[in-house]
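Observations on chain architecture
Now for the letters of each chain:
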Amino acid sequence: MDSLIEHFRRMGRYNSGANAALYDACAQISEEERRRHRKAFFVSIHGTLNHIMVGDRIWMARFAGETAPSTGLDAVVHEDFDELRRAREGEDARIERFVDRLDASFLAGSIAYVNNEGRRFVDPVPLLLAHFFNHQTHHRGQVHDMLSQTGTPTPVLDLHRILRPGPVAP
């Protein structure tokens, strides 16, 4: 379990770093570009960034044993980009605190929940944590693709590059 705990802690750090890099890049484009309708499930860069936040809040509530707020997965929880960015930074800090407190007993458990379609599930915690981080990565990839369509330089989001402890050797 120790290696699994360390893996999820690593993913928490990666999540924060990848989000910071992505938001830095998104801050370089106009509000119009962030909201431009694109061929994406959550319509735009702004919509997809909001969806990631919605998903994170739902899962963090479930991990805490709380009932997830009933909101659509396409909800825009922050209309203003700067507010969304501050909320993202706060949520990422919350996620890191959460994974820093993980222990073997929590990982050995399961979580019962009702999804947004009203279906009931009981799943093992390690599977749900893996999904949680995979979901973020999946949608960051979509934002990265939409960002590349603007002509703005896109950030490197590779896990080993975000988490590299020091400068690149010559």
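Above this text you will find the structure in question.
Some remarks on the pairing of strand S2 (residues 120-124)
In this structure, strand S1 (residues 110-114) lies alongside S2, joined through 5 bridges in antiparallel fashion. Residue pairing for S2: Ile111 is matched across the bridge by Asp123.

Comments concerning helix H3 (residues 45-63)
For H3, which comprises 19 residues, the first-to-last C-alpha distance of 27 Å matches the rise-based estimate of 27 Å (1.5 Å per residue) to within 8%. With 18 of 19 residues buried, H3 is to be regarded as a mostly interior element. Gly65 sits one or two residues past H3 and shows a positive phi near 80 degrees.

Re the pairing of S1
Burial along S1 is one-sided: the residues Ile111 and Tyr113 are buried and none of Ser110, Ala112 and Val114 is. Count of turn residues in the S1/S2 antiparallel hairpin: 5 residues, of which Gly118 carries a positive phi of about 85 degrees.

Some remarks on the side chain of Asp123
When you line up the elements, Asp123 lands in strand S2. For the buried Asp123, no salt bridge exists, and the shortest N-O distance to an oppositely charged side chain is 8.0 Å, to Arg62. Within the structure, Asp123 has its side chain in polar contact with the side chain of Tyr113 (distance 2.6 Å). Apart from residues no more than four positions distant in its own chain, Asp123 is found in contact with Ser110, Ile111, Tyr113 and Leu128.

Thresholds applied
- Residues numbered from 1 in each chain as written.
- Predicted model: local features only at pLDDT ≥ 70, side-chain atom pairs only at ≥ 80, totals over all residues.
- Heavy atoms only, no water.
- Pairing = 2+ DSSP bridges.
- Helix = DSSP H or I, 4+ residues; strand = E, 2+ residues; numbered from the N terminus.
- Expected span 1.5 Å × (residues − 1).
- Buried < 20%, exposed > 50% of the residue type's maximum accessible area, 1.4 Å probe, protein only.
- Lys, Arg positive; Asp, Glu negative; His and termini not counted.
- Salt bridge = Lys/Arg side-chain N within 4 Å of Asp/Glu carboxyl O.
- Polar contact = N/O pair within 3.5 Å; in protein donor to acceptor, adjacent residues only side chain to side chain.
- Contact = heavy atoms within 4.5 Å.

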